[in-house]
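# Descriptive analysis of the structure
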Amino acid sequence: MTEPLIQLKGISKAFGNNVILDRVDLSIYPCEALSIIGPSGTGKSTILRIIAGLLAPDEGEVYIQGERRKGWVDDLADPIGIGMVFQNAALFDSLTVDENVGFLLYQHSKLPRRRIRQLVSEKLEMVGLPGIGNLYPAELSGGMRKRVSFARAIMANPEDPKASPEVLLYDEPTAGLDPIASTVIEDLIRDLQAAQGGCSTYVMVTHQQSTIRRTSDRIIFLYGGKIQWEGSVADSESTDHQAVQQFFSGNIDGPIQAFG
Ligand SMILES: Nc1ncnc2c1ncn2[C@@H]1O[C@H](COP(=O)(O)OP(=O)(O)OP(=O)(O)O)[C@@H](O)[C@H]1O
């Protein structure tokens with residue numbers, strides 16, 4: 001059986017008295033496209049931040065390629081790169097697109113600036129935005145900003161293959177986009193996967209049904225601090241799991257409590 005690339009074992013996380021994750025076990029396998037779905041506030045982004053190493057759990061362990069992760073946040077020393085595409089694109093407004101996409105290489109590599117600019121151009125081309133390196137984030141639409149954020153997430157240092165992201169984490173990459181712009185982003189996510197020989201691994205958090213359908217090989221449903229259900233897109237359409245049915249139908253009545 002294939003070894004998981006990333007494994008969460010008994011992960012718990014509370015904010016104050018609010019227990020968000022309650023002994024969650026989750027395996028992410030090489031080459032898979034995994035989506036984490038569930039109602040708002042259920043801890044999906046919290047799981048992503050823990051996988052990325054940006055947040056330490058209160059309990060439990062994370063294994064990367066079978067080895068237990070030791071450091072967190074500033075001490076992180078994972079054997080593989082894990083890139084995150086944030087919901088709000090998280091670009092630096094005072095830097096150009098080129099400086100944003102090449103940020104880590106400009107700051108931390110010894111590559112000549114000319115070489116970094118060339119790598120940035122290649123990535124911008126991959127996300128369908130050639131020639132915009134001199135623009136500032138404020139000059140871009142929301143969809144363009146998300147694509148620039150992708151370009152930054154997939155940026156690799158050719159001199160340090162370990163720094164290349166082997167796993168991408170997408171936090172609501174299509175939130176707030178119109179259906180056509182969402183399709184462009186969903187295609188891009190699958191195209192990027194195919195560009196790496198069809199074998200790149202990503203974890204997606206999304207509420208958009210089209211994004212769930214079009215970008216997931218496997219779905220897990222998180223609610224009440226636990227993984228309550230998992231299956232394929234086809235399984236999600238035929239399941240008799242009441243909370244999953246309610247989630248997809250948007251029905252107010254059911255086991256999931258509606259807020260607001
Ligand atoms: N740094 C923090 N401090 C305090 N509470 C937090 C913090 N981060 C998250 N939370 C709380 O943890 C809960 C889970 O948040 P999280 O963002 O993981 O949910 P989510 O499932 O991604 O939600 P959504 O679908 O609305 O984006 C929420 O109640 C949130 O308010």
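Residues numbered from 1 in each chain as written. Predicted model: local features only at pLDDT ≥ 70, side-chain atom pairs only at ≥ 80, totals over all residues.

## Remarks on the overall build of the protein
- Helix and strand content of the protein: nine helices and 10 strands.
- Its C-alpha radius of gyration of 19 Å places the protein within 12% of the 18 Å reference for a compact globule of 260 residues.
- Each principal axis of the C-alpha atoms in the protein carries an extent, and together these give about 55 × 40 × 40 Å.
- Looking at the protein as a whole, 35% of its 260 residues qualify as buried.
- Across the protein, every contact between residues at least 6 apart in sequence was considered, and the portion connecting residues at least 24 apart equals 63%. (Helix = DSSP H or I, 4+ residues; strand = E, 2+ residues; numbered from the N terminus. Rg over C-alpha atoms; globule rule 2.2 N^0.38 Å. Buried ≥ 20, exposed ≤ 12 C-beta atoms within 10 Å, placed from the backbone. Contact = placed C-beta atoms within 7 Å.)

## Brief notes about the packing of helix H5 (residues 142–153) against helix H6 (residues 179–195)
- It is at 10 Å that the axes of H5 and H6 come closest, and there the two elements cross at 10°. With respect to H6, the axis of H5 lies roughly parallel. On H6, the residues touching Gly143, Lys146, Arg147 and Phe150 of H5 are Ala181, Val184, Ile185 and Leu188.
- Of the residues in the contact of H5 with H6, the class split is five nonpolar, one polar and two charged. (Axes fitted to C-alpha atoms, helices over the stretch in contact; angles between N-to-C directions. Parallel < 35°, antiparallel > 145°, perpendicular 65-115°, else oblique. Nonpolar A, V, L, I, M, F, W, Y, C, P; charged D, E, K, R; others polar.)

## Quick word on the site of the ligand
- By nearness alone, every residue bordering the ligand is listed as Phe15, Ile20, Gly38, Ser40, Gly41, Thr42, Gly43, Lys44, Ser45 and Thr46.
- If you tally residues by element for the shell around the ligand, the top one is helix H1 (residues 44–52), at three residues. (Near = placed C-beta within 6 Å.)

## Description of the pairing of strand S6 (residues 81–85)
- The element S6 is extensively covered by neighbouring structure, given that four of its five residues are classed as buried.
- By the bridge criterion, five bridges tie S6 to strand S7 (residues 165–171) in an arrangement that is parallel. Bridging from a neighbouring strand, Val85 pairs with Tyr170 of S7. (Pairing = 2+ DSSP bridges.)

## Digging into the sheet that holds strand S5 (residues 67–68)
- On the basis of which strands lie adjacent, the open sheet formed by four strands has the order S2-S1-S4-S5 and antiparallel pairing. In the strand order of this sheet, the two ends are held by strand S2 (18–28) and S5, each with one partner.
- Direction of pairing for strand S1 (residues 6–15) relative to S2: antiparallel, over a ladder of seven bridges. Paired with Lys13 across the two strands is Leu21, which belongs to S2.
- Running over the sheet, H1 touches S1, S2 and strand S4 (59–64) and is turned about 125° from S1.

## Quick notes on the environment of Leu8
- Within the secondary structure, Leu8 is located in strand S1.
- Taking C-alpha positions, Leu8 is 40 Å from Glu139, a pair spaced 131 residues apart along the chain.
- The contact partners of Leu8, leaving out residues within four places of it in the chain, are Val24, Asp25, Leu26, Gly60 and Val62.

## What about the sheet that holds strand S9 (residues 218–223)?
- Reading across from one edge, S6-S7-S8-S3-S9-S10 is the order of the six strands in this open sheet, with mixed pairing throughout. Edge positions in the open sheet fall to S6 and strand S10 (226–231), since each of these has one partner strand only. With direction set aside, neighbouring strand axes in the sheet form an average angle of 20°.
- With four bridges connecting them, strand S3 (residues 33–37) and S9 associate as parallel partners.

## Concerning H5
- Between its terminal C-alpha atoms H5 stretches 17 Å, which fits the 16 Å expected from 12 residues at 1.5 Å a residue.
- Check the buried side of H5 and you find it contacts S6, helix H2 (97–101), helix H3 (103–108), helix H4 (113–126), S7 and H6. (Expected span 1.5 Å × (residues − 1).)

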